[in-house]
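Here is what each chain is made of, one letter per residue.
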Amino acid sequence: MQYHVDGELVDRENATVSVDDRGFRYGDAAFETCRAYGGEVFAWDRHLERLERTCATLGMEGVVPEDIADRVDETLAANDLEDAYVRVSISRGVQPGKLTPQSEVDPTVVVYAKPLPRGGVDGKAVWEDPAVVQSVKTRRVPDAALPADAKTHNYLNGILARLELRRATNEGYRPDEALMRDTDGNLAEGATSNLFFVDDGVLKTPAEGSLLPGITREVVMEIAEAEEFPVEEGRYAVDDLRTADEAFLTNTTWEVRPVESVDGIAVGGGPMTELLGRLYSRRVEERCY
Ligand code: PMP
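If you're wondering where the values come from, they're calculated on a predicted model, not measured in any experiment.

Asker: Is there a simple way to think about the site of the ligand in this case?
Answerer: Every one of the 15 residues lining the ligand counts as a neighbour, but Lys151, Tyr155, Glu189, Thr216 and Thr252 are closest to it. One nitrogen or oxygen atom from the side chain of Tyr155 is found 2.5 Å from an oxygen atom belonging to the ligand. In this structure, Thr252 approaches the ligand through a side-chain N or O atom, which is 2.7 Å from an oxygen atom. Burial of the ligand by the surrounding chains reaches 95%, relative to a free accessible area of 390 Å². With respect to the detected pockets, the ligand is housed in the largest pocket. Counting only elements with at least two residues in the shell around the ligand, the list comes to α5 (215-226) and β13 (246-251). A breakdown of the residues in the shell around the ligand according to their chemical character gives 4 nonpolar, 8 polar and 3 charged.

Written out as structure tokens, the structure reads:
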């Protein structure tokens, strides 16, 4: 494999960053996980916009290189990849070991890729089974502490949530996504996914505030609105989810993934989950293949 590091393609073993890099030292970096289908990154403009927004939140406007899309294309081409996971990371770069960032930024820019199955209408989901979801004690970091719409390298909140799953795991029960609430106890999102559920024909999803506004979430909501499905963003309790008719998670790699159970209580996908998954795949097919 070859990765793009600071404007150059390098072999995997030479793709390294400095120990003085603030991305390593503090998680002081922005990133995007994208998905390429047939060599085309789906919803690239939205990913780029979110990346720029995260960089602005971190006080480093203008660090996204102008040729970033070319670097992504070059990384895919160098690895002969058409259907791939693509990760773009921009850290504040190497600076002296002080917490206060310097205003001059020489960012470290990395593009990483790995193969994924074909997506679209005849595609194969990356997940084997529907998600087994377990609610955790770890609360989503409040927006007032760390802006929830910034996608930074600091994933400790989600990592702590996922670690809790280990303790809940036994031979017959293997949760694979952590359900996080906000500090008021309202549903927020999964450790790396957004949450939807269906109740009496209404598609419901936790409102923005304590969650990362996912690009898949945005696309799924647009599709649902175009189909004239009632969509509601609101504040919900774990019980609303456990008693829902259907539930699913979204993220760039999973796309639309049904929820098998929440805290051991069966929920499952259903007709709306299936339809939205199909329409999402159709959109991928139209835009990328
Ligand atoms: N929430 C969190 C915390 C995430 O890490 C992700 C994955 N980026 C998502 C939601 C889903 O976002 P997207 O649909 O943009 O992949």
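Asker: Mind showing me how you'd approach a negative patch on the surface here?
Answerer: A surface patch of negative charge is lined by Glu40, Asp70, Asp73 and Glu74. Among the elements that make up the negative patch, the one with the highest residue count is helix α3 (residues 68-78) (3 residues). Here Asp73 is to be found in helix α3.

Asker: Would you take a moment to explain empty space enclosed by the protein for this structure?
Answerer: Over the atoms rolls a probe the size of a water molecule, and in doing so it shows where empty space is left. Tallied over the entire structure, the rule returns 1 cavity of 30 Å³ or more. By volume, the largest cavity is sized at about 40 Å³. Lining the largest cavity we find Arg35, Tyr37, Phe42, His47, Thr216, Thr252 and Tyr280. The class makeup of the residues in the lining of the largest cavity is 3 nonpolar, 3 polar and 1 charged. Two domains each donate at least three residues to the lining of the largest cavity, and these are domain 1 (2-115) and domain 2 (131-288).

Asker: Would you take a moment to explain the domain arrangement of the protein chain for this structure?
Answerer: Interfaces are often described in size by the accessible area the parts lose on coming together. Here the protein chain is described as being made up of domain 1 (2-115) and domain 2 (131-288). A straight line from the C-alpha centre of domain 1 to that of domain 2 covers 26 Å. Of the roughly 2,100 Å² buried between domain 1 and domain 2 on both sides combined, carbon and sulfur atoms contribute 60%. Together, Phe42, Arg46 and Arg50 form the three largest contributors to the area buried by domain 1 at its contact with domain 2, with a combined 34%. Run the count over domain 1 and domain 2 and you get 4 salt bridges.

What counts, and at which threshold
- Residues numbered from 1 in each chain as written.
- Predicted model: local features only at pLDDT ≥ 70, side-chain atom pairs only at ≥ 80, totals over all residues.
- Heavy atoms only, no water.
- Near = heavy atom within 4 Å.
- Polar contact = N/O pair within 3.5 Å; in protein donor to acceptor, adjacent residues only side chain to side chain.
- Areas by Shrake-Rupley, 256 points an atom, 1.4 Å probe, with all protein chains shown as cover.
- 1 Å grid on protein atoms, 1.4 Å probe; cavity = no way out; pocket = protein on both sides within 12 Å on 5 of 7 lines; lining within 4 Å.
- Sits in = over half its atoms within 2 Å of the grid points.
- Helix = DSSP H or I, 4+ residues; strand = E, 2+ residues; numbered from the N terminus.
- Nonpolar A, V, L, I, M, F, W, Y, C, P; charged D, E, K, R; others polar.
- Patch = residues over 30% accessible without salt bridge, like charges linked within 9 Å, V, L, I, M, F, W, Y side chains within 5 Å.
- Salt bridge = Lys/Arg side-chain N within 4 Å of Asp/Glu carboxyl O.
- Lys, Arg positive; Asp, Glu negative; His and termini not counted.
- Charge placed at Lys NZ, Arg CZ, Asp CG, Glu CD.
- Points joined across faces, edges and corners; volume = space filled by probe spheres on them.
- Domains from an automatic or database assignment.
- Buried area = accessible area lost by both parts, 1.4 Å probe.

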